[in-house]
Amino acid sequence: VIAPSWTDWVNALHPYDRERVVDFTLNAAAHPDVQYHTEFRILRPNGEQRQVFSALISELEPDRPGHARLVGINWDITDIKRTEQALQKAQFAAEAANRAKSEFLANMSHEIRTPMNAIIGFTELLEEQVQEPRHQAYLRTIRSAGNSLLALINDILDLSKIEAGKLKIHKQPCQLDSLL
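This is a predicted model, so every value here is computed, not measured.

## Focus: the nonpolar core
Thinking step 1. Judged by nonpolar contacts, W9, V10, L13, V21, V22, F40 and V52 together constitute the single largest core of 7 residues.
Thinking step 2. Those elements that place two or more of their residues in this core are helix 1 (6–12) and helix 2 (15–30).
Thinking step 3. Contact partners of V22, with chain neighbours within four places excluded, come to W6, V10 and L13.

## A word on the pattern of salt bridges
Thinking step 1. Applying the stated criterion across every chain yields a total of 10 salt bridges.
Thinking step 2. A salt bridge links D17 to R41; its shortest N-O distance comes to 2.9 Å. One end of the pair, D17, is in helix 2; the other, R41, is in strand 1 (residues 35–43), and 24 residues separate them in sequence.
Thinking step 3. A relative accessible area of 22% places R41 in the partly exposed class.
Thinking step 4. Residue K81 is joined to E84 by a salt bridge in which the shortest nitrogen-to-oxygen separation is 3.6 Å. Of this pair, K81 and E84 both sit in helix 3 (residues 78–129), 3 residues apart, which is roughly one turn of the helix.
Thinking step 5. Relative accessible area serves as the criterion here: at 43%, E84 is assigned to the partly exposed category.

## Remarks on helix 3
Thinking step 1. Across its 52 residues, helix 3 extends 77 Å between first and last C-alpha, which sits within 8% of the 76 Å expected from 1.5 Å per residue.
Thinking step 2. Among the residues of helix 3, T78, S102, S109, M116, I120, T123 and E127 are the ones counted as buried.
Thinking step 3. Residues of helix 3 that are buried sit in contact with strand 2 (49–60), strand 3 (68–76) and helix 4 (133–164).

## Section: helix 4
Thinking step 1. The end-to-end C-alpha distance of helix 4 is 46 Å, a good match for the 46 Å that 32 residues give at a rise of 1.5 Å each.
Thinking step 2. Along helix 4, the positions that sit buried rather than exposed are L139, G146, L150, I153, L157 and S160.
Thinking step 3. Where helix 4 is buried, its residues touch helix 3.
Thinking step 4. One or two positions beyond helix 4, positive phi appears at G165, with a value near 70°.

## Re the side chain of H14
Thinking step 1. Mapped onto the elements, H14 comes out in the loop between helix 1 and helix 2.
Thinking step 2. With near-sequence residues (within four places) excluded, H14 lies in contact with R41, I42, L43 and Q49.

## A look at the confidence of the model for the protein chain
Thinking step 1. Mean pLDDT over the protein chain works out to 87, with 98% of the residues at or above the 70 mark.
Thinking step 2. Looking over the protein chain, one finds the lowest element-wise mean pLDDT in helix 5 (residues 176–179), namely 85, and the highest in strand 1, namely 92.

What counts and what doesn't
Numbers given for residues are sequential positions, taken from 1 along each chain in its written order. Reporting of local features is limited, given that this is a predicted model, to residues whose pLDDT is at least 70; pairs of side-chain atoms are given and counted only at 80 or more, and all residues count toward the totals for whole chains, interfaces and linings. Each side-chain value is worked out from all heavy atoms of the structure, with water and hydrogens disregarded. Remark: nonpolar core denotes a set of buried residues (Ala, Val, Leu, Ile, Met, Phe, Trp, Tyr, Cys) joined through side-chain atoms within 4.5 Å. Each residue is assigned to one of three classes by its accessible area relative to the maximum for its type, calculated with a 1.4 Å probe on protein chains only: buried under 20%, partly exposed between the two thresholds, exposed over 50%. Under the scheme used here, helices are H or I runs from DSSP no shorter than 4 residues and strands are E runs no shorter than 2 residues, and both carry numbers assigned from the N terminus. Contacts were defined at the residue level, with two residues in contact if any of their heavy atoms lie within 4.5 Å. Think of a salt bridge as a Lys or Arg side-chain nitrogen and an Asp or Glu carboxyl oxygen that are within 4 Å of each other. One fewer than the residue count of a helix, multiplied by 1.5 Å, yields its expected span. How sure the predictor is of each residue is captured by pLDDT, a score from 0 to 100.

Spelled out as structure tokens, the structure:
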């Protein structure tokens, strides 16, 4: 493939990338046998912008001492870049949805925990006043189920805090065998 003229090639470079890519190319030409690669944008004659990955090497010309030529290849990576951008957008959206879920769980757990504490508290008050054994058994069942539900709500709240990065760890000495 015959390369376009230097002027045609420079004019095809995106204006924001032109100076950097020309400097890159001239630097590569000045250092024979070193491989270079970069990414840049070009503008096609129809105005379409494309993303290009370029790899090149400068070789000394055997027939012309002191002269070098650039040998390289350009790959159109526009579709790859578009796919990367779409994946990045999807990742940001998934992370935002995950944060929203964690915040929702934290809020809901807090909102449920408050009335649950009231239910357990009033159940304990009723247990002190109710004398009939069958009704006391009902109240113990309500209190036990309420405590189980509260423990579950607290676990959900802790999990959502961990996911949201808001869980605070308090270091303190403990007896590991008694905890186990």
